[in-house]
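# Close look at the chain arrangement
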Amino acid sequence: MTQNPLTAMFDAQRVALEQTQTITHDALEAQQTSMSAMADAVETSESLVESNAEFTKGAIHASFDALEASMPEGSVDFDEMRELVDDGFDSATETQSQSIEAALEAIEESEAAYDEFAENYAEAVDSSFDAALEAHEQFEENVSTVTQNVEQAADEFDVSA
């Protein structure tokens, strides 16, 4: 294609279209990455719940040990209390773990659905941008041809005659 006064404008438009296509793909990838990061965070929270429960149980057991040590030997039996604490924490931890697992499963299902959507959307975006770039290129060629014809007609037109 020959250079004409509109070439720079067409180049700028083409670059803008290509950048928009790239940004659209980047946005889709960023969303996929954030969903994956959210799943990782939820998965990590499960181990934190378990660690926190174990730590808190240990602190309560240590309190019972200290109380038991400060009382006359055999006057109070803290074994039942320890068992109640363990059962309560185990039950709460199990419930939290089930909730986290359900949330994680929902996130993973959403992530899979989004991946499918993103793939289809990216294909549609690419098709649309390809069509737009083709139309843009054809329009640029048409304008270039018209510009050349006008230049030729102007050259042939002799004003001095």
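Note that this is a predicted model, so its numbers are computed, not measured.

## Observations concerning the UniProt feature "coiled-coil region" (unreviewed entry) in the chain
This chain's UniProt record puts "coiled-coil region" (unreviewed entry) on residues 100–156. Taken end to end, residues 100–156 is 100% helix and 0% strand, and its two terminal C-alpha atoms sit 81 Å from one another.

## Digging into the nonpolar core
Counting six residues, the largest nonpolar core is built from Ala39, Val42, Val49, Ile100, Leu104 and Ile107. Excluding its chain neighbours within four sequence positions, the residues that come into contact with Val49 are Thr93, Gln96 and Ile100. Within the second largest apolar cluster, five residues are counted, among which are Leu28, Met35, Tyr114 and Ala122.

## What to know about the packing of aromatic side chains
Using the criterion set out here, one finds four aromatic pairs in the structure. Their ring planes at 20 degrees and their centres at 5.6 Å tell us that Phe117 and Tyr121 sit as a pair that is stacked. On the criterion of helical spacing, the pair formed by Phe117 and Tyr121 is a turn pair, its members being four residues apart in helix H2 (residues 79–156). For Phe117, a relative accessible area of 44% gives the class partly exposed. Grouping aromatic residues by their ring pairs yields a cluster made of Tyr114, Phe117 and Tyr121.

The rules behind each value
- Residues numbered from 1 in each chain as written.
- Predicted model: local features only at pLDDT ≥ 70, side-chain atom pairs only at ≥ 80, totals over all residues.
- Heavy atoms only, no water.
- UniProt positions renumbered as here; feature names shortened; annotations may be inferred.
- Helix = DSSP H or I, 4+ residues; strand = E, 2+ residues; numbered from the N terminus.
- Core = buried A, V, L, I, M, F, W, Y, C linked by side-chain atoms within 4.5 Å.
- Buried < 20%, exposed > 50% of the residue type's maximum accessible area, 1.4 Å probe, protein only.
- Contact = heavy atoms within 4.5 Å.
- Phe/Tyr/Trp six-rings, centres within 6.5 Å; stacked < 30°, edge-to-face > 60°.

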